[in-house]
Each structure stands twice: as C-alpha cells, then as structure tokens.
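# Structural overview for review
Take a look at the letters that make up each chain.
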Amino acid sequence: MASPGGHGGGAVSTRGGGGTRRMKWALELSLGNTRQFPVPSCRSRGDRQSSQGDTLYPIGYSDKPVPDTSVQEADRNLVEKRCWDVALGPLKQIPMNLFIMYMSGNTISIFPIMMVCMMAWRPIQALMSLSATFKLLESSSQQWLQGIVYLIGNLLGSALAIYKCQSMGLLPTHSSDWLAFIEPPQRMEIMGGGMVL
Amino acid sequence: MANLRTCLAFLFLCCSLCDAVYEDQVGKFDWRQQYVGKVLFAHFESHSQASKKLILATDKNIVASLNPRTGDLFWRQVDKAGPEGHIDTLLFHGQVTGNGRLLRSWESSVGALNWEMLLDPGSFLAAVLVGTQDSVKFVAVLKKATVSLHYLSNGHQKWTETLPDSDTVHYQAVYSSGGSQLFVLGVVPHSHLSIITFNIEDGEITSQRSVDAPWLSSIQARCTVVGQGVLICADASTLSLYMLPLSSEEPVGLQQVPLQSLDLDLALGFQPVLLTTQPNPARPPLAQFFLQLGPDHHVLLQLSDGHLSPLRDFQPAFLVSFATTGEKTVAAVLSPKNETVSSKEGVKRSFSEQSNQGSLITILFERKPDLYSADSGRRLLDTTVTIHLDPNGGKPEKLYVHAFLKKDDSVGYRVLVQTEDHTITFLQQPGRIVWTREEALADVVTMEMVDLPLTGTQAELEGEFGKKAAGLAGYGLAAMVLKRLSSQLILLQAWIAHLWKLFYDARKPRSQVKNEVTIETLARDEFNLQKMMVMVTASGKLFGIDSKSGMVLWKHYLRNVQPNAVFKLMVQRTTAHFPHPPQCTLLIKDKETGLAALHVFNPIFGKKSHVTPPTLSRPVLQSLLLPLMDQDYSKVLLLIDDEYKVTAFPSTKNVLQQLQEMASAIYFFLVDASQGKLSGFRLRKDLSTELIWEVVIPPEVQKIVAVKGKRANEHVHSQGRVMGDRSVLYKYLNPNLLAVVTESVDTHQERSFVGVFLIDGVTGRIIHEAVQRKARGPIHLVHSENWVVYEYWNAKSRRNEFSVLELFEGTELYNSTVFSSLDRPHLPQVLQQSYIFPSSISTMEATLTEKGITSRHLLVGLPSGAILSLPKMFLDPRRPEMATEQSREENLIPYAPEMPIRTEWFINYNQSVTRVRGIYTAPSGLESTCLVVAYGLDIFQTRVYPSKQFDVLKDDYDYVLISSVLFGLFFATMISKRLAQVKLLNRAWR
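Calculation notes
Residues numbered from 1 in each chain as written. Chains lettered and ligands numbered in written order. Predicted model: local features only at pLDDT ≥ 70, side-chain atom pairs only at ≥ 80, totals over all residues. Heavy atoms only, no water. Helix = DSSP H or I, 4+ residues; strand = E, 2+ residues; numbered from the N terminus. Buried < 20%, exposed > 50% of the residue type's maximum accessible area, 1.4 Å probe, protein only. Areas by Shrake-Rupley, 256 points an atom, 1.4 Å probe, with all protein chains shown as cover. pLDDT = per-residue confidence, 0-100. Contact = heavy atoms within 4.5 Å. Core = buried A, V, L, I, M, F, W, Y, C linked by side-chain atoms within 4.5 Å. Phe/Tyr/Trp six-rings, centres within 6.5 Å; stacked < 30°, edge-to-face > 60°. Lys NZ or Arg CZ within 6 Å of the ring centre and 35° of its normal. Buried area = accessible area lost by both parts, 1.4 Å probe. Salt bridge = Lys/Arg side-chain N within 4 Å of Asp/Glu carboxyl O. Nonpolar A, V, L, I, M, F, W, Y, C, P; charged D, E, K, R; others polar. Pairing = 2+ DSSP bridges.

The number of helices and strands found in chain A is six helices and two strands. Start at the N end of chain A and walk to the C end: the helices and strands fall as α-α-α-α-α-α-β-β. Within chain A, the fraction of its 197 residues that count as buried is 27%. Accessible surface, chain A: about 13900 Å² in total, of which carbon and sulfur atoms supply 63%.

Okay, structure coming up:
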C-alpha cells in the first residue's frame, strides 16, 4: 500500500500512516470530510482526492524549504562523541565478556558453548560489516583513529573468544587432536611362519 | 581406601558396560549345536513302546540318549576328557551302563545317575551282565587279576575273587548263560587256554581247567561262545574252527573243524572275526553266528548237536549285525547294490578305484541291508533297504539294527549306519533317511569364515566394470549406455520381486515364513553379517556351514587322512574377485611321514578346485601366505620344506617374477619346540633361503609352549593413546612381533616359572622378556595390536592370573610413514600389570572388527561352558593405583587386583559350550559387529558388539513413534500455516 505521505505534508502522512498501521487514535489536522468513509483504505483514497483537488495545506506547512542556517559547534561535538561511542563499543564489551567467561566455566555443555559462540560471532559480524561502520564514522574528523580503535576492539573480542575456546579445549592444538589422521605405517617386510608343523 | 577403590570401579562398570542379551533376543543372532562324537557303543531301548530311545557311548567320553524320530538329544552326560573318563564298555539292560574305572548306572529316561561304584585298581578287560533264573541281577567285571560281581540295583559288590596265575594267564573274556556259573576265559599265548568256573552265589571256584591251544594268541574277536556254552575259536593259520564245550566235566580237547570241510573258500590274509548274539543275558547265546572270512565276505554258521553247518554265504557283504525283538532274532547284512561283479578280487579292486575317484561312487555305494531270519538263514520278505550314501562321505563302518514286531507279527526294522567320517544315519524301512548327525563336528580342528558371493544381479553390475567392459568398449558409447540401462532394469526387477515377496510373506503367519537356505540362494547380505563357515574336523571331513542358521550346506570327506594329521587352512582368494571363484587351500600334514598334501577347494560350494596343487616330495615345515597376488587374484602360498627350500603355489611366471622382485623383503621364522630353537630365514631370488638369525632357548631349562604373531587381517585404527594432558602416547605396532611363551621343565612349585619373550621375527631381536616366577601352565595367550595378554596358574598363591603387556613407542613417532624392523634403533617402553582371575580358562581370543575403531574385548572360554566377553579396558597396564585428575580424564579404571566375572558378560547366556577348545572371530561389514564362533564339543555362533551398536538403530527402535511424531509435526505445521493465513486475512478485514 503506497503511502500518500510522499507528496502530502506531515499531517497527511500521519493520517495515511494511520491507514496502514492501525493506531489507537489519530489527530486530524485538516478538517476534511472524512466521516463518510468508514473503511480506512477508502479514507486514504478520499484524502488523496481531496489533497489533489484543492490546495488545502495543514497548519504550519510551508512550501519553501527552510534553509539550514546553523550547523553549530555543539552539534559537531555531539557527532564526534557519538562516533567515539561507536568506536569504543567493542572495547567496552570486553570486561562484560570476561565476566561471562569467568562465570560460564570451562566445562563443555550447552550454555558455555552458546556463550562462546555468541562471543565469537559478534566480533566476526562486526568485522564483516566494517565498511558500513566506517561510513557511519565518515562525518567524524578523527575517522581513522576511531576506525582503528573499533577494529582493535573487535579483534580483542575475537581473541578473547579464541582464548575461551582454547581454555575449553576446543582448539586442535594438541598432537592428540590429529591422531585420527595418522595413517598406519606401511609395512616394509613380509614375515610369516610358526611352529614346525 | 580399598573400599573406595572398589566402589569407584563398580561405578565405572555400572555406567560404562551393559552387554547382556535381552530375553527377546535369545536365539535371534545365535545358535548352538550339540554333538556327542564318534559312536563306540549304541543300544536301542525298546522296552516300552511310548519312549523309544537310542543310547550311545562315544569316544568323547559321553553317554547320551537320542530321540530316534528326530535325532535330537534327549540327554547327554559328559565325563572328563582324555583317558581318565574313557568309556570301556556300555552294557544295556533297561537302565544300566558301565564305565571303565568306575561302574556307573544311568537312568535311561532322564539321564540321571543311579549309582556309581569305584572299581578296584587294575586294567579293565571285560564286563558282562549276569542273569539267573530269567532275570538280570548282576554285572560281572573282569580285571587283570580279579573278577567281581556287582548288584545291578545298587552297585554294591557281591563278591570279588582273585584269579589264579594272573601274571602268566591273560584273562580276556567273561561269560555267563543264566545258570549258576560264571566262566572266565584266559589264555597263555601260544600255549594253552585256561577256563575257570565261579559259582555266582558265593564266588567259589567250582572248576578250573586248561586246554592246550598252541595256535591261540588272543581270545578277543577270535573266540566266542555259541549255543549251549560251546566255545568256538577261529584260527587263521590252520584255516579251521575249534570247538570246546565249556561246561563239560570230562577233560576233552578242542575239536578241530577245518573250514574246507564247510565248503568255504578263503581269501588270502584271512583274518577271522566271529560275531554272535546273546539276546538275553539270562539265556545262552544263539546257536547261529557270523564268521568273517574277508573284508567283504561273511558267512552265517549254525551249531547244532555239536556239528557246524553253514546256513548262508554272504558275498559281498561289508557289515553284518544281529537284532532281536521278542523271541525273534534277525541278522542284517549290508551289501553293495550292484551284484554284477562276481569275483571277490574284482569287487575289491573296483571298490578301491572308485573310492579314489569319487565321482562314480554313488552307484557302488548304494547299499541294501537285507534281513535274514537268524534261525534258518532264510531271507525275510520285503526287507531290503537301499541306502544312498553321500558320495562325499565315507564308507560304512558299523551297523546297528533295531528290530521290532509289527502288528501282523512280522518283523520291521530300522538301521543306524555309522560311516568312517563319523556320520550316523538313521534309516527306516523303505529306505527313507529319518535323520543324519554329523558327529565329526564334535572335533573341529580349525576354521575360517569366508564372505558369501554377491547375488547374480550385483555380480551383473560388477561385471559391467570388469571384463565385459573391455569387450564392449569397441561398440562405443551407445552400447555401454544400453548395457547400463539393462542392468539397472534387472536390478529394479529384482527389487520389485523382493518387495512383492516381503508383502506376500507379511500376510502369512510368522511360523510359516521360513527362509530356506540353499547353496544356490546364498548371497551376501547388506552388512555382510552372514558368512560361510568352513570347518575342518579331525576326521578329515570338511564342512561348509551357513553362519546365520547353522545349516550344513556342503560337506566333503577327505579319504586317506591319518588320524593324527595336522591341518592348516588358508583363504587364497576371497569372493571379492568376481568372476574368479573363491579359493581355499588346506594343508594336511601327516605327523608320522611328515609328508604334506594340499587340498584346494571352493569354500562356497565345497567343490575341489581345478587348480592342481604342487606335489610336495619333501616334508613341509611351515607355510606362509603372502599378500602378493597373481593375475588371477589368488594370494601366493609359500611352503618351506625340510631342506629350507621354498615352493610357491600358484607358481606362474608372473608370480615367480614378483617373488624375485620381493624376495629380499620376505622373511620366515621357524620354531622347533623340541630343540628350543627359533630361527629366521630370508628368501633368496632362486627360492632358496638363508639363515639370518637364531635364538636358542635351552630346552633343558624351559620348553617353548606357544608362539603367536599377530593376525594378518587385523587393522589398528588409532596409532596412539590420548593421555590426560592431551598428549599422545604412540603404540609400538610392530607387525613382525612374535610372542613366545616358555614353561620351565622343573614343575616344582617353588622353582617353576613361565617366560614370555617378545621377539622381532625379521631381525630376531629380543624386544622384551618377562619371567613369572612360581607360575605354571597351561598358558593361554592373545597377541594383538600393541599388547599381549596371557593367563597362567600361580603356583604360590594357587590361583589363576592374567597378565598384560603393552608396548609403547613414547610420545614421538620414530617413523610415521613406514615400518621396517631393520631400522628401529629404540626399544619400546613396556608396561605390565597382573590381575587375579577367579576361574581357570579353556581358551581365549580377541574380538576383531573391520577397521579396528571399536574397542576390543577378550572372549574367554571357561571350563563351565560359558564364554566371557571381558573388556580389554580391564586389562590395561596403565590402570593407576590412585585415581587422579588425569587418569579420570583418560577413563582409566583404578587398579583392583581382582578381575570380576559378571554374568551379564556371558555372551552365550545359558547355551553352554561344552569343552570349548577354540574361539574364532571374524569382522563383519558393520564396524560395531564382530562374528564369534566357539567350538568344542558343541558349536556356538553369535555376534558381539564390544562398543555397542553405534552404527545400527537398536532392535527396539520405535519407528512408529518417531514417524508418527514426524508426520504429526508436519501436518501441524501445515494446518497452523493455513490457520495463520486465515487469521491474517480476517484481521486485515477488521
């Protein structure tokens, strides 16, 4: 269902939205003749007709775009701060992860495995969507620094997960883990015989 | 502490092992067959019409009773094996049987022991039932120097008397005819005959006389008592019979009757055998008797008024027998059917020729025992039974006849024929075989299990890629596609037929569905669980038995096999090489001459192969089956003779060329136990050998008891063991390792010992030696993977002990790609531990699986007849004294000196295998499953799952529940999806 708000104003969009998403209540700013349309889908159609018919604009609607005159210093700081939040996010999770690691113990059972999987999966996911995060950080002046911090944080997170796997014995680091792949040695001599019959 | 340890061990057991068979699994995968051995004495019990029985005593020291209708065992009493339990004679009167050293009476209906009497020492000679006034009351037992009389009812001794001059006179026979006298006959060889008469009531010697008989050397079989107490002896040198009335008071000499006067012609080398019958011990024997004149010539003679007269001449007649029912006595004569051959020599010659050829035998072996009235020698009407003897069987050896009175007062009879190959066949009058028992199977010497061949359709598919493909390649792609399509079609057809059969059988009641196994329908099953058991028996008869049902599918009797021959069975070609037939080779070595012969046969059909084995002119010492194959895919068998020269079989050019290339890598070892010498040889290119090492174990101190290498078809999956700290302890897997067990010659309790040597068979290097002091045999040994388990008797503590040796290479592998005994600088680490076992054992073997992933169990045959499946886990020298974190990680059970025997470990539950002598294990197509055959007096076959059935769904797997849950969930999803759609739509309309 196409939203009529695309060419209409804010109020129309609210009303149109009310058509698709059912709301408990709706504020009708335009005093339209809506009462005769009880069915929501029909009502929106009626709206469109009415908005196309006469130039009835809602209160506070301005045809001309308002020029953004003030990009203020405070906002810039805010962006910077927000970007640092994003960059430091993985690092901040590490103490939490450490605590979870400590709590879950080294036994191999369903909960610790789930924890480890989550711990390992989150940094990997973050590293996969690295470019998207960098785009987010584009607006910041310290973009590169933040990027590196973000990267390091995620790497640390995955290192932690690997460490956890290691302490749980899930990594094939011992010779015993490769025992099953050792082929039986080939026999060089053929020997036989026995007691004299 | 000990308590805690046992507790821990117990916990371990509880959680780790539970092998027992469930009640509904009984007989599902296993079967047992019971045998009695070669029949020595047989009697028919026919007193009561309701319970007919056949009472047997055999060379395996068994008294048994068979059901004459089915041939099944009613009961069986097994005495001690060996000469100690030997049955000297079996007397049958209602319920009595006698036994050599002991006199025992058995209840014939249930086989219970009535009484038992220990006889005086002295070698047993004869026993006879003694009757007075028409009732049998006593048993007379003749020993070397005494004669004693026992009550039949309770075994108590009535009297015992010493025999006069027992050092010079050989007393050999005892005779009574219902009067008050008991005659004991003795002979001084080539001098005179001594006859002593005892009074039955008090044992007093009433008369004693001696008769000159310088021609007589032995009474047994040469002399017999006929009619009213007339002793008749046959003499081969003078070709005459001698008669002597026993009871006459006046001293008369032996009356000579030349055989010529009876118009009997004699063969050269005349060995007379007299056969008489005494239907009732309380009455004198019949006046008619048989005299054997030649191997196929018998004559029925009659004694009347002191005159001998021939009643009837039977020629050819191989076996004769008497049978009595009521007042009538009949004589049965077994003669070959084609009576066209007239001359005696002709029969003999053709007989021996035929028996060697083996193909035309059927006609000649058709025998018909005719029934003749013993009184007149007249032939009874319609009494011929034609026996079709198996052309693969032996000649008839003994004949037991059971005669009975029919309703019209004529005499009917049944015959029990025993042949050379220990088969007993029971026949009814029209010639119908009622049952056959293969008693040769009571003495299995060696066996192998061979895979069954693929079915025709499977073979068809295989063939496409084999030889046929080569021929078809010329026709191009289209032909190949057509060929493939047609074979797939055949497969589809077979599958549909199979489905149809399943459907058809499902409607029939369960009991009617019987899968008849015949040799034609034999085919490998999905998991290769059904195999052909090829069994070699001591009598020289080979059997092919279906391992699933226990049915004998083929049998082949090897004539000319000496009773003490040594057998070695080898599978040269398996069924995997279609279209070449599988091939087994049996090496038969005669102990006395040392000469050996090879019998090459197809293990599936039992037929002799067309391949001609090499003739072996020199005594063969050992054989070796190489993994080399000739172009026909049969493995090469090397035979080493007493000049240490090697004969190859097959010896085609291809094989000889391969042998030349491989010669320097082929080694032999020979163990001469009498000289205590172990020697190693290497093959030269010209098929001679050179001695490369020799180890002498002084035979005056200790003797070599057993030498065991590893089994050739054994696979070891894991090359090491994982330790608690997750490092690896690598196994020392030397394929050339031999375990040699010695026992001390000195058997004194304090000085006896058992030695175990681990010797490399290629280099002769002694890898390890262990000595168990104050220990004695018999020693049972299993050598597998990197361990050796042996069992011995601890003479000091008076108990049986198990000891295990395990060899490890350490935490580093010396060479992980190849194993060469010539390049092994480091000796392995050897660990050893011993345990107390609460029972003695009869035999021991380890389980074997396809890939060696499954854990191993030891199968221990106990003298009680049980077969114990003992996890190898319990025999692990790394079991710690104290359980630590690491040992727990490794699943090591803390050491406990006592080895438990848990009844759940008995794989044969209550199906005891009497006198188990060997256990054979074979891998199946399933990694979890190992096929087991235990043989001894009985044969038992089953499957074992040492690590449980990890690759198969369980028997009681709930298919219905699982599938119903699956379907339920599927439909629930469908329905709920539909419901959700409807609900969404409704919501949209609101």
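Note that predicted coordinates carrying low pLDDT should not be read in detail. Looking at chain A, pLDDT values average 74 and 72% of them are 70 or higher. Residue range residues 1-19 of chain A is modelled with pLDDT below 50. Its contacts to residues more than four positions away, or to other chains, number 14 contacts.

Residue and element names in this part refer to chain B. Of all hydrophobic cores here, the largest spans 35 residues; its most connected members are L416, M533, M535 and I939. Setting aside residues up to four positions removed in sequence, L416 forms contacts with A42, F44, L54, K398, L399, Y400, I424, T425, F426 and W435. One finds V804, F837, L858 and F874 within the second-largest nonpolar core, a separate group that totals 23 residues.

So, about the packing of aromatic side chains. Residues and elements named next belong to chain B. All told, the structure shown has 18 aromatic pairs over all chains when counted by the stated rule. Centroid distance W554 to F601: 5.8 Å. Interplanar angle 65°. Geometry classified as edge-to-face. Separated by 47 residues along the polypeptide, W554 in strand 34 (residues 552-557) and F601 in strand 37 (residues 596-601) bring together distant segments of the chain. Accessibility expressed as a relative area gives 0% for F601, which makes it buried. Between Y790 and Y792, the ring centres sit 5.8 Å apart and the planes meet at 35°, which makes this aromatic pair tilted. Considered together, Y790 and Y792 belong to a single accessibility category, that of buried residues. Three or more aromatic residues link up through ring pairs in this structure, and these residues are F44, F426 and W435. Directly above the aromatic system of F74 lies the positively charged group of K53, at a separation of 5.4 Å from the ring centroid.

Next up on the list: the interface of chain A and chain B. Each partner contributes residues to the interface: chain A has 24 residues there, and chain B has 47 residues. Regarding the contact of chain A and chain B, the summed buried area is about 3200 Å², with carbon and sulfur atoms giving 61% of it. Linking chain A to chain B there are one salt bridge. Elements with a minimum of two residues in the side of chain A that touches chain B: strand 1 (186-187) and strand 2 (190-195) of chain A. If you tally residues by element for the side of chain A that touches chain B, the top one is strand 2 of chain A, at six residues. Looking at the side of chain A that touches chain B, its residues break down into eleven nonpolar, eight polar and five charged. In the sheet, strand 1 of chain A pairs with strand 53 (residues 818-819) of chain B via two bridges, with the strands oriented parallel.

All names here are of chain B. Scanning the entire structure with this criterion turns up 31 salt bridges over all chains. Between R618 and E643 there is a salt bridge, with its nearest N and O atoms 4.0 Å apart. Of this pair, R618 sits in the loop between strand 37 and strand 38 (620-629) while E643 sits in the loop between strand 39 (635-641) and strand 40 (646-649), and the two are 25 residues apart along the sequence. The exposure class of R618 is partly exposed, given its relative accessible area of 34%.

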